[in-house]
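So you can see what is in the structure, the chains are spelled out below.
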Amino acid sequence: MNHQEALTAYIAAFVAELFSSGITDVVVSPGSRSTPMAMVMAEHPDLKVHIHVDERSAAFFALGIAKATKRPVAILCTSGTAAANYFPAIVEARYSRVPLIVLTADRPHELREVGAPQAIDQIHLYGKHVKWFAEMALPENSDEMIRYARTVCARATAIATGAPSGPVHLNFPFREPLIPKMDETLFQFTERPKGYVKVHNGELTIDDVYFKEMAVKLRGKERGIIVCGNLEDKNFADAVTKLSTSLNFPILADPLSQLRSGGHSHENIIETYDTFLRNEDAKSFLKPEVVIRFGAMPISKSLTIFLKENHAAEQYVIDGGGGWRDPASLSTEMVFCNETLFCEKLLSFNESKGSTAFLEEWRKVNELTKSNMTQIRDITELSEGRLFYQLADLLPEGSTLFVGNSMPIRDLDSFFLNNNKSIKVMANRGANGIDGTVSTALGAALYSDSLYLVLGDLTFFHDLNGLIAAKLYNINIHIILVNNNGGGIFSFLPQSEHPKNFELLFGTPLNIDFEHAVRMFNGYFSRIQNWDQFELEMKKSVDQSGINVYEVATNREKNRDEHREIWRSVSQEISEFVKGAH
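Here goes a summary of the coordinates provided. (Residues numbered from 1 in each chain as written. Predicted model: local features only at pLDDT ≥ 70, side-chain atom pairs only at ≥ 80, totals over all residues. Heavy atoms only, no water.)

All right, on to the sheet that holds strand β3 (residues 73-77) then. Spatially, β2-β1-β3-β4-β6-β5 is the arrangement adopted by the 6 strands of the open sheet, whose pairing is parallel. Two strands close off the open sheet at either side, each with one partner strand: β2 (48-51) and β5 (132-135). Neighbour-to-neighbour, the strand axes of this sheet turn through a mean angle of 20°, independent of strand direction. The sheet contact formed by strand β4 (residues 100-106) and strand β6 (residues 167-173) spans 7 bridges and is parallel. (Pairing = 2+ DSSP bridges. Helix = DSSP H or I, 4+ residues; strand = E, 2+ residues; numbered from the N terminus. Axes fitted to C-alpha atoms, helices over the stretch in contact; angles between N-to-C directions.)

Here it is as structure tokens:
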């Protein structure tokens, strides 16, 4: 059998197994060495092939699709630096637990380390940032090698989706000629035509004895809190709120926990902790003896400090992915169990309800903080805090809110309050970088009815070329561009106390008119002048398609001062309340 037939049969077996393993989306970046895989993928009747010319953006685009669909996505590129450009998204996928199947084409072994063009060392290219790596065998058409290709594909998908989810890397060496032989029998297999091997991933759980013992431990513990970070399980909200009611423990809900929005009970959900936990009186007043934590580490620095300061408390970290999310080494018990199952099991064994006094203290402080924060509506100039404060009211029901890192995600944490809308909140919080944000949001928008991206000017600039996906695939996205002409978060950090080279090193003003770039991608651009215009644009956005960018220009120094004034005002109110409560 000739080379072309062997190449085709081997790759067709692999691609067919991709679909059988649950993959429906592949993101391909054009290249020569990846030609055989790309051509066969394009022939598969059930695969959705998305072409993205920039590998860096392509990988983030795939990341967004995987985040939105909760299914693995395959990415394919040619050899050389094309594969290196995948690296930032792979790092993000690893730490945010998103399944990606990374397929890199490579030169065959005889062309490595001999000066051949576009040949770099791709073996273990991504190091420990992938869950598994395999150097694929050269294509053959023997029964054994067809089984091998299909088995490796199923195995890779199972590893990527197994808890904790993440990226895997398969490196394919291809010899020339690279053109496969296309015919109607391409994906027809006599042996196991519906998929070669099914892999069944189970959920982590704990024996009932543990839950009985924990219920006994918690009996009489009245000063407990539940902390919820980034979590995607749709059943978790109902389970954890019921557990909260049973234990009388307040829930400190990170905006990425999906607990601040939705139809579940918000009675015990505390959302303004980032503001009031800056106050020493509040921290002393609300000191816990038990902490039960779910999901990723919370965004809030003040909450993280609060947990560190209460290191003497019993701290349970529940992780259905079996990871070790405890950067401050605070946990007394690390529990590897599905988070929803944990809540349901503990609830079933919890026999007695304790006092509600501690819970009521948290509620009162939370309500007092929210009441005091209404002053932000009085800010007449365009303001980052007010923007996030009003978002819940302005976003349509069922929308997705994707938030950029640096200052926007922190403002979301501070000012995005509980609401009954079904708003899904997303962000790239694995490695917390600003790279690839536009591309990730566009990937998510491909499978979202209405997606709004809020990000800063540096983050937007960093991934402007990602907008090409929206133009090519008619993806609808609404981008709220907070333009403070530089790195706004640095105004809150110690660097700001050293003004000599602050603008040069940290402020980094770009002085860019983004309207020209948006028009280049056939997008709509609106430069917001006041709040009335912003509200009008948000109402109109429901009916607008394509790329829509609403630039909200703010001042970094004023923004910092507004935040500090709100924190000062709230702190004063909280201190007076705590003194009165004593």
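Another point: the packing of helix α1 (residues 3-20) against helix α2 (residues 35-43). At a minimum axis distance of 9 Å, the contact between α1 and α2 shows a crossing angle of 55°. Accordingly, the angle class assigned to the pair α1 and α2 is oblique. The two elements α1 and α2 meet at a crossing, and its hand is right-handed. The residues of α2 that touch α1, namely those facing Leu7, Ile11, Ala12, Phe14, Val15 and Leu18, are Pro36, Met37, Val40 and Met41. (Parallel < 35°, antiparallel > 145°, perpendicular 65-115°, else oblique. Left-handed = near helix turned anticlockwise from the far one by under 90°. Contact = heavy atoms within 4.5 Å.)

Turning next to the pattern of salt bridges. For the structure on display, the rule yields 33 salt bridges. Here Asp25 makes a salt bridge to Arg71, at a shortest N to O gap of 3.8 Å. Here Arg71 lies in the loop between α3 (55-69) and β3 and Asp25 lies in strand β1 (residues 25-28), a separation of 46 residues in the sequence. One salt bridge connects Asp513 with Arg527, and the closest N-O pair in it is separated by 2.7 Å. (Salt bridge = Lys/Arg side-chain N within 4 Å of Asp/Glu carboxyl O.)

Now for a nonpolar patch on the surface. Residues Met39, Ile179 and Met182 make up a contiguous nonpolar surface patch of roughly 230 Å² in combined accessible area. Mapped onto the elements of the fold, Met39 is located in helix α2. Met39 gets classed as partly exposed once you look at its relative accessible area, which sits at 31%. (Patch = residues over 30% accessible without salt bridge, like charges linked within 9 Å, V, L, I, M, F, W, Y side chains within 5 Å. Areas by Shrake-Rupley, 256 points an atom, 1.4 Å probe, with all protein chains shown as cover. Buried < 20%, exposed > 50% of the residue type's maximum accessible area, 1.4 Å probe, protein only.)

The topology assignment puts Arg325 in the loop between β11 (314-318) and β12 (333-335). This buried residue, Arg325, is left without a salt bridge; Asp319 holds the nearest opposite charge, at 4.1 Å. Beyond its immediate sequence surroundings of up to four residues, Arg325 is in contact with Arg97, Arg293, Gly295, Ala296, Met297, Val317 and Asp319. (Lys, Arg positive; Asp, Glu negative; His and termini not counted.)

Before going further, it helps to spend a moment on the pairing of strand β10 (residues 290-294). Counting buried residues in β10 gives 5 out of 5 residues, a clear majority hidden from the surface. Of the pairings in the sheet, the one linking strand β7 (residues 224-228) to β10 comprises 5 bridges and is parallel in character. Following the sheet pairing, Cys228 is matched in β10 by Phe294. In terms of strand pairing, β10 meets β11 through 5 bridges, oriented parallel. Counted as the bridge partner of Ile292 is Tyr316 from β11. Considered for its hand, the β-α-β crossover made up of β10, helix α11 (residues 301-309) and β11 is right-handed. (Right-handed = clockwise from strand over helix to strand, strands pointing away.)

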